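Descriptive structure summary
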Amino acid sequence: MMKRTMLSLFTASLLFGAAAANANSPAYVDSKEYKALIDPSRFASNPSSAAATLLNDLGTRLSALQFDKTVTGNFSAGDRDVLTYVDTPHTCQLMARGYSVRVRSGDDNDIQFKFRHPDEELSYWTDVSGAGKNASTKLETDVTPGSLVLAHSTSQDATTTPGTVAALIKQFPGASALSDISSASLSNVAGVTITQQEYDGPSADLGKSEADFTLTLWYVNGASTPALAELSFRVKADSSAYFTTPVLQRSQVLNKAIGSIGNNWNIANDGGKTAWLYNYRSSSYPNGFCN
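**Topic: the nonpolar core**
Judged by nonpolar contacts, the single largest core of 36 residues is most densely connected at Ile38, Phe43, Phe213, Leu215, Leu231 and Leu254. For this core, the secondary-structure elements that each account for two or more residues are strand E1 (31-38), helix H2 (47-64), strand E6 (136-144), strand E9 (194-205), strand E10 (210-220), strand E11 (228-236) and helix H6 (245-259). For this core, the leading source of residues is H2, giving six residues. If sequence neighbours within four positions are ignored, Leu231 has contacts with Tyr34, Lys35, Ala36, Ile38, Leu54, Leu58, Phe75, Phe213, Thr214, Ile258 and Ile261. Residues Ile111, Ala175, Ile181 and Leu186 belong to the second largest nonpolar core, which totals 18 residues.

Right under this line is the structure:
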């Protein structure tokens, strides 16, 4: 009886060791991006002036929250690109499975394949590998005032916009998880293209790290006034100390500030840029792209 018990314990220890050896290692994010949609109508006539007012109001809000560090710099026009997102029309099967595909041209020229999920390890261990030139993969925490997801993505040089899921898989082998719908066609989400104008420059001292702010405006189909505006800041992981507790605490103060700036900046709809586009109703899809 004793021998059997010892054998069972020995076998169990071997099995446990095998399980431990095959377990996924912890995921570590490259950066955290905090973002909030704000009122785009404020940027209709003079975006640069509105950006300056936004920064001033943000500073006032941070003072009220007793932010103990400094924000320096001013917004100036940065990259300008044309964006298209693609998915299966009326069914949105990529988005339903957590994926998105974005093609960018202009100051940046690339195609991005992304998987999002609230579970950090699941997002990290989901394959998003690319087969193109200059492929670069990253894991980010995307935080809006109402949600948090982990975004695992690969960006690479853009060649052609995939017209089918099969063509997407050819460019991104990680998309082979979508092989069961390989024959499905891909179209521009909402049937539109987006001109994206970024403004950058301000940064906030967080101690061991910095928060770099970006103001993003989206213009639909070449319109002269923006339909979407987003204020965001990114905090990169420190290579030696990762994210220290003071950095994370100060990031949360900044996050609270951009989610409640005051002076009528914030809007009720705050699901993020991609969700906004999927819900956009155009003449091509008056009932929505996913319906």
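Having seen the structure, we can now continue with the description.
**Concerning unusual backbone geometry**
Here the phi dihedral of Gln66 falls at roughly 60 degrees; this positive angle occurs in a residue that is not glycine. Counting through the fold element by element, Gln66 comes out in the loop between H2 and strand E2 (71-72). The class for Gln66 is exposed, based on a relative accessible area of 69%. Of note in this structure, Asn263 is not a glycine but carries a positive phi near 55 degrees. For Asn263, the location among the structural elements is in the loop between H6 and helix H7 (273-278).

**Brief notes about the packing of H2 against H6**
For any two helices packed against each other, one specifies the crossing angle of their axes together with the interaxial distance. The N-to-C vectors of H2 and H6 enclose an angle of 125 degrees; their axes lie 9 Å apart at closest approach. The pairing of H2 with H6 is recorded here as oblique in orientation. Between H2 and H6 lies a crossing of right-handed hand. Contacts between H2 and H6 involve Leu58, Arg61 and Leu62 on the former and, on the latter, Val253, Leu254, Lys256, Ala257 and Ile258.

**Regarding the layout of surface pockets**
Empty space within the largest pocket amounts to approximately 1100 Å³. Together, 41 residues line the largest pocket, and Glu33, Lys35, Lys114, Glu140 and Arg234 are the ones closest to its centre.

**Structural notes on the state of the cysteines**
Taken as a whole, this structure holds one disulfide when the rule is applied. Note on cysteine connectivity: Cys92 is disulfide-linked to Cys290, with sulfurs 2.0 Å apart. A torsion of -95 degrees about the S-S bond marks the disulfide between Cys92 and Cys290 as left-handed. Placement of the pair is Cys92 in the loop between strand E3 (76-87) and helix H3 (93-96) and Cys290 in the segment after H7, with a sequence separation of 198 residues.

**Brief notes about the environment of Thr244**
Within the secondary structure layout, Thr244 lies in the loop between E11 and H6. Judged by relative accessible area, Thr244 falls into the buried class, the value being 16%. Linking Thr244 and Leu206, residues 38 residues apart in sequence, is a C-alpha distance of 9.8 Å.

**Some points on the environment of Pro173**
By secondary structure assignment, the location of Pro173 is in the loop between helix H5 (165-171) and strand E8 (187-188). Residue classification places Pro173 among the partly exposed residues on the basis of a relative accessible area of 35%. Considered as a pair, Pro173 and Ala131 are 42 residues apart in the sequence and their alpha carbons are 6.7 Å apart. Apart from residues lying up to four places away in sequence, Pro173 is in contact with Ser129, Gly130 and Ala131.

**As for the pattern of salt bridges**
Note on pairing: side chains with opposite charge can pair once their charged atoms come close. Summed over all chains, the structure comprises twelve salt bridges. With a closest N to O distance of 3.8 Å, Arg116 and Asp142 form a salt bridge. Note that Arg116 is positioned in strand E5 (residues 110-117) and Asp142 in strand E6, a separation of 26 residues in sequence. What makes Arg116 partly exposed here is its relative accessible area of 23%. Using a relative accessible area of 7% as the deciding quantity, one classes Asp142 as buried. When the shortest N-O distance is used, the salt bridge between Glu140 and Arg234 registers 2.6 Å.

**Remarks on the packing of aromatic side chains**
For the coordinates displayed, the defined rule picks out 14 aromatic pairs. Centre to centre, the rings of Tyr34 and Phe233 are 4.7 Å apart; their planes meet at 10 degrees, and the pair counts as stacked. On the criterion of sequence distance, the pair formed by Tyr34 in strand E1 and Phe233 in strand E11 is long-range, its members being 199 residues apart. Both residues of the pair, Tyr34 and Phe233, count as buried. Cluster of aromatic residues (ring-pair linked, three or more members): Tyr85, Trp218, Trp276 and Tyr280. Sitting over the face of the ring of Trp265, Arg42 holds its NZ or CZ atom 3.8 Å from the ring centroid. Lying over the aromatic face of Tyr219, Arg80 brings its terminal NZ or CZ to 5.9 Å of the ring centre.

Criteria and thresholds
Residues numbered from 1 in each chain as written. Predicted model: local features only at pLDDT ≥ 70, side-chain atom pairs only at ≥ 80, totals over all residues. Heavy atoms only, no water. Core = buried A, V, L, I, M, F, W, Y, C linked by side-chain atoms within 4.5 Å. Buried < 20%, exposed > 50% of the residue type's maximum accessible area, 1.4 Å probe, protein only. Helix = DSSP H or I, 4+ residues; strand = E, 2+ residues; numbered from the N terminus. Contact = heavy atoms within 4.5 Å. Axes fitted to C-alpha atoms, helices over the stretch in contact; angles between N-to-C directions. Parallel < 35°, antiparallel > 145°, perpendicular 65-115°, else oblique. Left-handed = near helix turned anticlockwise from the far one by under 90°. 1 Å grid on protein atoms, 1.4 Å probe; cavity = no way out; pocket = protein on both sides within 12 Å on 5 of 7 lines; lining within 4 Å. Points joined across faces, edges and corners; volume = space filled by probe spheres on them. Disulfide = S-S within 2.5 Å. Salt bridge = Lys/Arg side-chain N within 4 Å of Asp/Glu carboxyl O. Phe/Tyr/Trp six-rings, centres within 6.5 Å; stacked < 30°, edge-to-face > 60°. Lys NZ or Arg CZ within 6 Å of the ring centre and 35° of its normal.

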